[in-house]
Amino acid sequence: MAYVYDSSIIYDRGTGIIRHQLFALCQTSDFFTLIPTTEANKVFLKTYSLIHFLLGVVALVVGFVDRELIALFYLALLLLSSASFSILLAQKMKKKED
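Criteria and cut-off values
Residues numbered from 1 in each chain as written. Predicted model: local features only at pLDDT ≥ 70, side-chain atom pairs only at ≥ 80, totals over all residues. Heavy atoms only, no water. Helix = DSSP H or I, 4+ residues; strand = E, 2+ residues; numbered from the N terminus. Buried < 20%, exposed > 50% of the residue type's maximum accessible area, 1.4 Å probe, protein only. Areas by Shrake-Rupley, 256 points an atom, 1.4 Å probe, with all protein chains shown as cover. Phe/Tyr/Trp six-rings, centres within 6.5 Å; stacked < 30°, edge-to-face > 60°. Lys NZ or Arg CZ within 6 Å of the ring centre and 35° of its normal. Expected span 1.5 Å × (residues − 1).

J.: I keep staring at the overall build of the chain and nothing clicks. Help me out?
T.: Of the regular secondary structure elements, the chain holds three helices and zero strands. Taken from N to C terminus, the helices and strands of the chain fall in the order α-α-α. Across the 98 residues of the chain, 28% fall into the buried class. Of the roughly 7,100 Å² of accessible surface on the chain, a fraction of 67% belongs to carbon and sulfur atoms.

Here is the structure:
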């Protein structure tokens, strides 16, 4: 069976990412139940919300460009960004032992 590349999937994902990150930019209090409310953590959440918002906008462009290599590069970039956010958030969630 041949692989069929469909850029509309990335376009749909891009609009979902944009909606989610707009919510995250406005509503970071949900994360503060998991990590302490400090200025550094606020900057951390705003930074990653902005990065993922911009990646959502890039997804819209990638969906229109319709090139498989560009789409794969975009997905790799999105996965790296999400992985780094998850690792850093997990580190911030660890309780410091006295």
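J.: Looking at this structure, I do not really get the packing of aromatic side chains. What am I missing?
T.: What describes a pair of aromatic rings is the distance from one ring centre to the other and the angle between the planes of the rings. With the rule as written, the count across this model stands at three aromatic pairs. For the ring pair Phe44 and Phe85, a centre distance of 5.5 Å and an interplane angle of 10° mean the geometry is stacked. Of the two residues, Phe44 sits in helix H2 (residues 39-65) while Phe85 sits in helix H3 (residues 68-93), which places them 41 residues apart along the sequence. An identical accessibility class is assigned to Phe44 and Phe85; each is buried. Each member of the aromatic cluster is reached from another via a ring pair, and the members are Phe44, Tyr48 and Phe85. The residue whose ring lies beneath Lys92 is Phe44, and the NZ or CZ to ring-centre distance is 4.9 Å.

J.: Sorry, what's going on with H3 here?
T.: Counting along an α-helix, one turn takes 3.6 residues, and residues three or four places apart therefore face a common direction. Helix length check: H3, at 26 residues, gives a terminal C-alpha distance of 37 Å against a target of 38 Å (1.5 Å per residue), a fit within 8%. Of all the positions in H3, only Ala71, Tyr74, Leu78, Ser81, Phe85 and Leu89 are classed as buried.

J.: What should I look at first to understand the environment of Ala59 in this one?
T.: Mapped onto the fold, Ala59 is located in helix H2. Between the C-alpha atoms of Ala59 and Leu75, which are 16 residues apart in sequence, the distance is 8.9 Å.

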